[in-house]
Each structure stands twice: as structure tokens, then as C-alpha cells.
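Observations on the three-dimensional arrangement
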Amino acid sequence: MPDVGIYCLSAARFLSGKEPYEVQASIARPKDDPRFAEVEASCQVIAKLPSGFTASFNSAYNAHKSQFLRIERTDAFAELNPAFAYNGIKMKFEKAVDGGVEMAHEPSLKPKDQFCS
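In this text the structure is predicted, and so the values were computed from the model without any measurement. (Residues numbered from 1 in each chain as written. Predicted model: local features only at pLDDT ≥ 70, side-chain atom pairs only at ≥ 80, totals over all residues. Heavy atoms only, no water.)

Here the largest pocket defines a volume of roughly 760 Å³. In terms of lining residues, the largest pocket is bounded by 27 residues, among which Cys8, Ser56, Phe57, Asn58 and Phe68 are the most central. Of all the secondary structure elements, the ones that give two or more residues to the lining of the largest pocket are α1 (5-16), β3 (54-60) and β4 (69-72). It is β3 that contributes the most residues to the lining of the largest pocket, 7 residues altogether. Here the residues of the lining of the largest pocket are counted per class, giving 15 nonpolar, 7 polar and 5 charged. Lining the second largest pocket, in full, are Val4, Tyr7, Leu69, Leu80, Ala83, Phe84, Ala85, Tyr86, Ile89 and Gln114. Tallied by class, the residues present in the lining of the second largest pocket amount to 9 nonpolar, 1 polar and no charged. (1 Å grid on protein atoms, 1.4 Å probe; cavity = no way out; pocket = protein on both sides within 12 Å on 5 of 7 lines; lining within 4 Å. Points joined across faces, edges and corners; volume = space filled by probe spheres on them. Helix = DSSP H or I, 4+ residues; strand = E, 2+ residues; numbered from the N terminus. Nonpolar A, V, L, I, M, F, W, Y, C, P; charged D, E, K, R; others polar.)

See below:
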């Protein structure tokens, strides 16, 4: 999986606490683009994990740089955007109750040095 694809799979494993039991994936490699003669241009994945958790993600060298992670449930979502950067990560979450938004929050995250403890 090119670029951040492995981070997407690792995030699904971490968030579910389980290993995928079924994975479907496909790659794209444009025949007329010499940049992708030896590497795929993109990879699309759907991974099914126990308890109904499904992760779907795309990772590509031939697309605009976006690195977001979004978790959706029937009544809420949480997202990080960008999700896999060294800095500038922003979080947002919302929870709906009776069809309306009960809570919408964008907490501020303090910058961390990813290379020092």
C-alpha cells in the first residue's frame, strides 16, 4: 500500500483492537504514465474486522495530498484532519440525538515533538 496506506490499516487495527478477517483490495497503475511503471498509482482497500467494524481507505501517489481519518457510527462521528502528519492535526467530533446535533466539538491539540519523548 503506497504512502500512508499502512497507517490507515494500523489505525483500523488500533481503534478496533482486532485484526481484519477479510480484506478486499485493488490497485491502479496507468499504463501510459511512466511514473507508475514499477509502483502502483493508488490502492483502494476494504477491511472487515470483528463486531461489524469496517475500514475503507484509499492511498495514492497520483492524487491530491489529503490525510484524514473519519470514524462514523449511526449517532456520531469523529475525525482527524490531517490525521497522519507530524504537526497541525485537528480533531472534530459530533454526536446526534433525536435527529439533532447534541454536541459538536473541536478540541485544541497541543503540538508534540514526534521525535522526542
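An α-helix turns once per 3.6 residues; consequently, residues spaced three or four apart project the same way. Taking 1.5 Å per residue as the helical rise, α1 with its 12 residues ought to reach 16 Å, and the 17 Å between its terminal C-alpha atoms agrees with that figure. By the burial criterion, the buried members of α1 are Gly5, Cys8, Ala11 and Ala12. The buried residues of α1 all sit within an arc of 120° when viewed along its axis, so they share a single face. Gly17 occupies a position one or two residues after α1 and carries a positive phi of about 75°. (Expected span 1.5 Å × (residues − 1). Buried < 20%, exposed > 50% of the residue type's maximum accessible area, 1.4 Å probe, protein only. Arc of directions from axis to C-beta.)

Turning to the sheet that holds strand β5 (residues 76-80), a few remarks are in order. One open sheet accounts for 4 strands, arranged β4-β5-β6-β7; its pairing is antiparallel. Since the sheet does not close on itself, it has two edges, and those belong to β4 and β7 (100-105), each with one partner. Pairs of neighbouring strands in the sheet enclose a mean axial angle of 10°, with direction left out of account. Inspection of the sheet shows strand β6 (residues 91-97) paired to β7 by 5 bridges, in the antiparallel sense. Within β7, the residue paired with Val97 across the bridge is Gly100. (Pairing = 2+ DSSP bridges. Axes fitted to C-alpha atoms, helices over the stretch in contact; angles between N-to-C directions.)

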